[in-house]
Amino acid sequence: MLKNLLFVGLGSCVGGMLRYWVSRWVLNAFPLLLFPLGTFLVNVIGCFVIGLCSGLSEQAGWLGPSMKLFLTVGLCGGFTTFSTFVQENSQFLQNGMLGSSFFYTGSSLFVGLFSLFAGRAVSRWMIS
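These numbers come from a predicted model, not from an experiment.

**Quick look at the state of the cysteines**
So, point 1. All told, the structure shown has zero disulfides when counted by the stated rule.
So, point 2. We note that Cys-47 lacks a disulfide partner, and the nearest cysteine sulfur, in Cys-76, lies 8.5 Å from it.
So, point 3. Accessibility expressed as a relative area gives 25% for Cys-47, which makes it partly exposed.
So, point 4. The cysteine Cys-76 is free of any disulfide, with Cys-53 supplying the nearest cysteine sulfur at 5.8 Å.

Take a look at the structure:
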């Protein structure tokens, strides 16, 4: 159990640092953008990585239980951020930007699901 906690904790630490780096990079690259692209990107990338890891683990046994915990629960859990997504949506709503909130929510769900399935498809391609 302690070993699993360490794998998850280390993955979360790395994921959180990567999330911060990606968010800062996006803000610096697109300072005038009103859409929360940094959060959107980390959530979509995280969905792809979790799909890839799940596929590699389930279909080919390429990832052992500890590495799967590190990558999915730890890294992806620390990298993606539902709470920030909800906060950004609440800011849209408080500013009367209902369309932006619906677009952000819908595109996040659609592209996130697509990315998860794409990750699984890539894992099948890697295995074959």
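From this point, things continue past the structure.
**Comments concerning the packing of helix H2 (residues 37–60) against helix H5 (residues 98–127)**
So, point 1. For the pair H2 and H5, interaxial distance at closest approach is 7 Å and the crossing angle is 30°. In terms of axis orientation, H2 runs roughly parallel to H5. Of the two elements, H2 crosses H5, and the hand of that crossing is right-handed.
So, point 2. Class assignment of the residues belonging to the contact of H2 with H5 gives a composition of 15 nonpolar, eleven polar and three charged.

**Some details on the packing of helix H4 (residues 82–94) against H5**
So, point 1. The geometry of H4 relative to H5 is characterised by a closest axis approach of 7 Å and an angle of 155° between their N-to-C directions. In terms of orientation, H4 and H5 fall into the roughly antiparallel class. Crossing hand, H4 versus H5: left-handed. Here Phe-85, Glu-88, Asn-89, Phe-92 and Leu-93 of H4 come into contact with H5, specifically with Leu-98, Ser-100, Ser-101, Tyr-104, Thr-105 and Ser-108.
So, point 2. Grouping the constituent residues of the contact of H4 with H5 by class yields five nonpolar, five polar and one charged.

Cut-offs and rules
Residues numbered from 1 in each chain as written. Predicted model: local features only at pLDDT ≥ 70, side-chain atom pairs only at ≥ 80, totals over all residues. Heavy atoms only, no water. Disulfide = S-S within 2.5 Å. Buried < 20%, exposed > 50% of the residue type's maximum accessible area, 1.4 Å probe, protein only. Axes fitted to C-alpha atoms, helices over the stretch in contact; angles between N-to-C directions. Helix = DSSP H or I, 4+ residues; strand = E, 2+ residues; numbered from the N terminus. Parallel < 35°, antiparallel > 145°, perpendicular 65-115°, else oblique. Left-handed = near helix turned anticlockwise from the far one by under 90°. Nonpolar A, V, L, I, M, F, W, Y, C, P; charged D, E, K, R; others polar. Contact = heavy atoms within 4.5 Å.

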